[in-house]
Amino acid sequence: MNQVVINDTTLRDGEQAAGVAFNLEEKIAIAKFLDAIGVPEIEIGIAAMGAAEQQAIATIVDLNLQAHLLGWNRAVISDIQASIACGLKRVHISIPVSAIQIGAKFQGNWQLVLQKLQDSLNFALDQGLFVSVGGEDSSRADEQFLLDTVLAAQEWGASRFRFCDTVGILDPFTTHDKVKKLVTSLSIPVEMHTHNDFGLATANALAGIKAGALSVNTTVNGLGERAGNAALEEVVMALKHLSKIDLGIDTRRLLEISQLVATASGYNLPPWKAIVGENTFAHESGIHAHGVMQNPHTYEPFAPEEIGQERRLVVGKHSGRHLLSNVLQQHGIILNSEETQSVLNAVRQESTQKKRSLTTQELLSLVGVKQ
Ligand SMILES: CC(C)(COP(=O)(O)OP(=O)(O)OC[C@H]1O[C@@H](n2cnc3c(N)ncnc32)[C@H](O)[C@@H]1OP(=O)(O)O)[C@@H](O)C(=O)NCCC(=O)NCCS
Ligand SMILES: O=C(O)CC[C@@](O)(CC(=O)O)C(=O)O
């Protein structure tokens, strides 16, 4: 399989998450971080939004990062002019392609939509730009209309087509079918853009790649419109471990970039968030902790260090004697079987009362040790 390219859109679709607004410093920090860990392409914003966004885009362009930088545009020439004024050499032009979208936005006038695409594409190409074309709501579009539209875009000079599951209504099987049909009919690469409304964004991105898509949009932490997008950390790690495609991203910094984006977005992640959640390498349950203490692979899909995370063994309601004895031994406390069981009973009670696992201090207090 050819190399798959991550085109991260944390700074565009990620920031479209309701209530999220990055400031200039945060945008710069996120762009630099994505570049530093080896993300090869970054969608950095929408110049048509106005002066502040244009300043952010131009500032990021001036950083001279290794990554290719892309600006998002409607099929509107003034949008593209604004992108060019920011110094962008790559533009993405989006048009709606489903009946529902064209109906709501252009009174069903699909000829007008195609004309706008052709005009804006020609304009961008005349300026010597790399042009990616996006089909908004590709997943709900009539398949023949979608194919004809993309073939036209290819003919007019587009360098890539973005297949958007805009409202996240596909499953991996349907995604595979739809993307395969496009890939086999096109000579330009297809890019996946999947939303998480049914929790399938990452699975659908992988299905599209399996069907031959060569590029994939991600956002850090899956940040984005409504339920968000395919998460960078999930796509990178799933491709590496499940599809055996190593994208050369420095995965050891995925936790760090997740924390940077979480802080900048103002939203904490649930502890069980795949890959980067606080609990992804925490073990409390007796059977799991016992297994992990013998061999971490029993309950970990990969080593925590691989994403800059640490393993934690915590004592709580579901813990068993092996974990409890192990933790106490680390503090020089050796209990007999009866004593261990009695401390375990007390742990269960206190943990239920507190509705959380216990700190080491709390555990030692239960055993009667003053520290
Ligand atoms: C782009 C933006 C500057 C336009 O602002 P606006 O002029 O106030 O217009 P609105 O957002 O209210 O309406 C969208 C307009 O774009 C048109 N439009 C929507 N998608 C389009 C497309 N792909 N190509 C061309 N025109 C499009 C709509 O028909 C509507 O046109 P009208 O003003 O002539 O009726 C503003 O929406 C914005 O800042 N958007 C950034 C975030 C965003 O919307 N992202 C979603 C990406 S799908
Ligand atoms: O780039 C495109 O062509 C469309 C991307 C988009 O993010 C648009 C949106 O809803 O904000 C989508 O999901 O369709």
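Our subject is the structure listed above.
Predicted model only: the values in this text are computed from it and were never measured.

1. Brief notes about the site of ligand 2
Turning to step 1, where the next piece is worked out: The local shell around ligand 2 holds 13 residues, among which Asp13, His92, Ser94, Arg162 and Thr166 are the closest.
Turning to step 2, where the next piece is worked out: At 2.8 Å from an oxygen atom of ligand 2 is found a side-chain nitrogen or oxygen belonging to His92.
Turning to step 3, where the next piece is worked out: Separating an oxygen atom of ligand 2 from a side-chain N or O atom of Arg162 is a distance of 2.8 Å.
Turning to step 4, where the next piece is worked out: Computed on the free molecule, ligand 2 has an accessible area of 350 Å², of which 93% lies beneath the protein chains in the complex.
Turning to step 5, where the next piece is worked out: Residue assignment for the shell around ligand 2 shows that the elements contributing at least two residues are helix 1 (10–14), strand 4 (90–96), strand 5 (130–136) and strand 6 (160–165).

2. Let's talk about the packing of helix 2 (residues 24–36) against helix 11 (residues 254–265)
Turning to step 1, where the next piece is worked out: Close contact between helix 2 and helix 11 brings their axes to 11 Å; oriented N to C, the two are set at 165°. For the element pair helix 2 / helix 11, the angle class is roughly antiparallel. As for how helix 2 packs across helix 11, the hand of that crossing is left-handed. When helix 2 is examined against helix 11, the residues Glu26, Ala29, Ile30, Phe33 and Leu34 are found in contact with a partner set consisting of Glu256, Ile257, Leu260, Val261 and Ala264.
Turning to step 2, where the next piece is worked out: The residue makeup of the contact of helix 2 with helix 11, split by class, is eight nonpolar, no polar and two charged.

3. Quick look at the packing of helix 13 (residues 321–330) against helix 14 (residues 337–354)
Turning to step 1, where the next piece is worked out: It is the contact of helix 13 with helix 14, at a shortest axis distance of 10 Å, that shows an interaxial angle of 100°. Between helix 13 and helix 14, the angle is such that the two are roughly perpendicular. On helix 14, the residues touching Arg321, Leu324 and Ser325 of helix 13 are Thr340, Gln341, Val343, Leu344 and Val347.
Turning to step 2, where the next piece is worked out: Among the residues making up the contact of helix 13 with helix 14, the classes are represented as four nonpolar, three polar and one charged.

Basis of the calculations
Residues numbered from 1 in each chain as written. Chains lettered and ligands numbered in written order. Predicted model: local features only at pLDDT ≥ 70, side-chain atom pairs only at ≥ 80, totals over all residues. Heavy atoms only, no water. Near = heavy atom within 4 Å. Polar contact = N/O pair within 3.5 Å; in protein donor to acceptor, adjacent residues only side chain to side chain. Areas by Shrake-Rupley, 256 points an atom, 1.4 Å probe, with all protein chains shown as cover. Helix = DSSP H or I, 4+ residues; strand = E, 2+ residues; numbered from the N terminus. Axes fitted to C-alpha atoms, helices over the stretch in contact; angles between N-to-C directions. Parallel < 35°, antiparallel > 145°, perpendicular 65-115°, else oblique. Left-handed = near helix turned anticlockwise from the far one by under 90°. Contact = heavy atoms within 4.5 Å. Nonpolar A, V, L, I, M, F, W, Y, C, P; charged D, E, K, R; others polar.

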